[in-house]
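Inside the fold
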Amino acid sequence: MRDFYGVMLDSPLMLGTAQYPSPSVMQQAFAASGASVATVSLRRESGQGQAFGQMVRDLGIHILPNTAGCHNAREAITTAQMAREVFETNWIKLEVIGHADTLQPDPFGLLDAAETLSADGFDVFPYTTEDQVLAQRLIDAGCRVLMPWGAPIGSGMGLNNRYGLRTLRAAFPDIPMVIDAGLGLPSHAADALEMGFDAVLLNSAVTQAGDPVAMARAFGLAVQAGTLATQADPMGVRDMGAPSTPLIGKAWL
Amino acid sequence: MKIELNGTPRQITAGNVADALVELGWADARVATALNGDFLPTAARAGQPLQDGDRLEVLAPMQGG
């Protein structure tokens, strides 16, 4: 497991806390998944925030606050500063949304915010695309983790641009990378890990399932399988068939 | 004076942000504040006077993905 700003995670699964049918289902889903990180947000206090904050702390895993819903660098920077105080962590999942339909990041606002926050001592987890040039700029800005999307947030499509993700992974072998957003099935998570990504972050894939707790467990198993498979040094792919059963000793019929 | 609290007009008597949080029932709550769009750290609340028309945001943990 890679080093995420000095933290070695027990599991490569990061799970969101939104959209569960009840707090109890959320707790059961986290327990079933074995997730090592919970993502959270900040919103106007309406009477529910204190209890929810305690519930998340009681999960006993790392908390990763986000800047979800921010559409420019200034909003995201202010939100990050507020999150650091409330959650007492330098970790921030930096989202600067650039398009209302695709929810893809605004690369310019993202880079601006990443520069400011990194200089201010934050451990920035930037929600980005598979764009290699942007990745380099984010690293230059101080990011030591990248979070490329698999597909648009909440779409469940999986790894949309395998070529782009593969080349991104190959271009920065020493940077921990989390596939964030767009996963729909446990096989997508295993696929991401088998491609060499270090972790996955998801929310809707679990909460939109008919049985969120069972799906959370399925994702937990998938990331274990993906991790083991990667460590086991998978076979190479070839164009032609190669018999696995020995030909020696075959009868002459 | 009248301020805008989390987007809603609100009459308060407190003269600074720390006292305003006490008046609003958030004395011991884990909240973060922003005044007129800028982050206001906890340590700066008592020294931050409130003025008529100020926009005060009080944020707390919420579900997120």
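Residues numbered from 1 in each chain as written. Chains lettered and ligands numbered in written order. Predicted model: local features only at pLDDT ≥ 70, side-chain atom pairs only at ≥ 80, totals over all residues. Heavy atoms only, no water.

Right, let's talk about the pairing of strand E4 (residues 37-44) of chain A for a bit. All names here are of chain A. Counting buried residues in E4 gives six out of eight residues, a clear majority hidden from the surface. Pairing geometry for strand E3 (residues 13-16) and E4, over three bridges, is parallel. Counterpart to Met14 in the pairing with E4 is Val37. The parallel pair E3 and E4 is bridged by helix H1 (residues 23-33), and the resulting crossover is right-handed. Across four bridges, the pairing between E4 and strand E5 (residues 62-65) is parallel. If you follow Val40 over to E5, its bridge partner there is Pro65. (Buried < 20%, exposed > 50% of the residue type's maximum accessible area, 1.4 Å probe, protein only. Helix = DSSP H or I, 4+ residues; strand = E, 2+ residues; numbered from the N terminus. Pairing = 2+ DSSP bridges. Right-handed = clockwise from strand over helix to strand, strands pointing away.)

Before going further, it helps to examine helix H3 (residues 73-87) of chain A. Residue and element names in this part refer to chain A. With 15 residues, H3 extends 20 Å between its outermost C-alpha atoms, agreeing within 8% with the 21 Å of an ideal straight helix rising 1.5 Å per residue. Along H3, the positions that sit buried rather than exposed are Ala73, Ala76, Ile77, Thr78, Thr79, Ala80, Met82, Ala83, Val86 and Phe87. N-cap assignment for H3: the residue whose side-chain oxygen lies 3.1 Å from the backbone N of Arg74 is Asn72. After H3 finishes, the residue Glu88 shows a positive phi value of roughly 55°. (Expected span 1.5 Å × (residues − 1). Polar contact = N/O pair within 3.5 Å; in protein donor to acceptor, adjacent residues only side chain to side chain.)

Across the boundary between the two partners, chain A contributes 28 residues, which contact 25 residues of chain B. In total, about 2,300 Å² of surface goes out of reach between chain A and chain B, with carbon and sulfur atoms giving 56% of it. Per-residue buried area on chain A facing chain B is highest for A:Arg44, A:Met82 and A:Glu85; these three make up 28% of the total on that side. Connecting chain A to chain B are four salt bridges. Counting across the chain A and chain B interface gives 17 residue pairs in polar contact (both at pLDDT 80 or more). (Contact = heavy atoms within 4.5 Å. Buried area = accessible area lost by both parts, 1.4 Å probe. Salt bridge = Lys/Arg side-chain N within 4 Å of Asp/Glu carboxyl O.)

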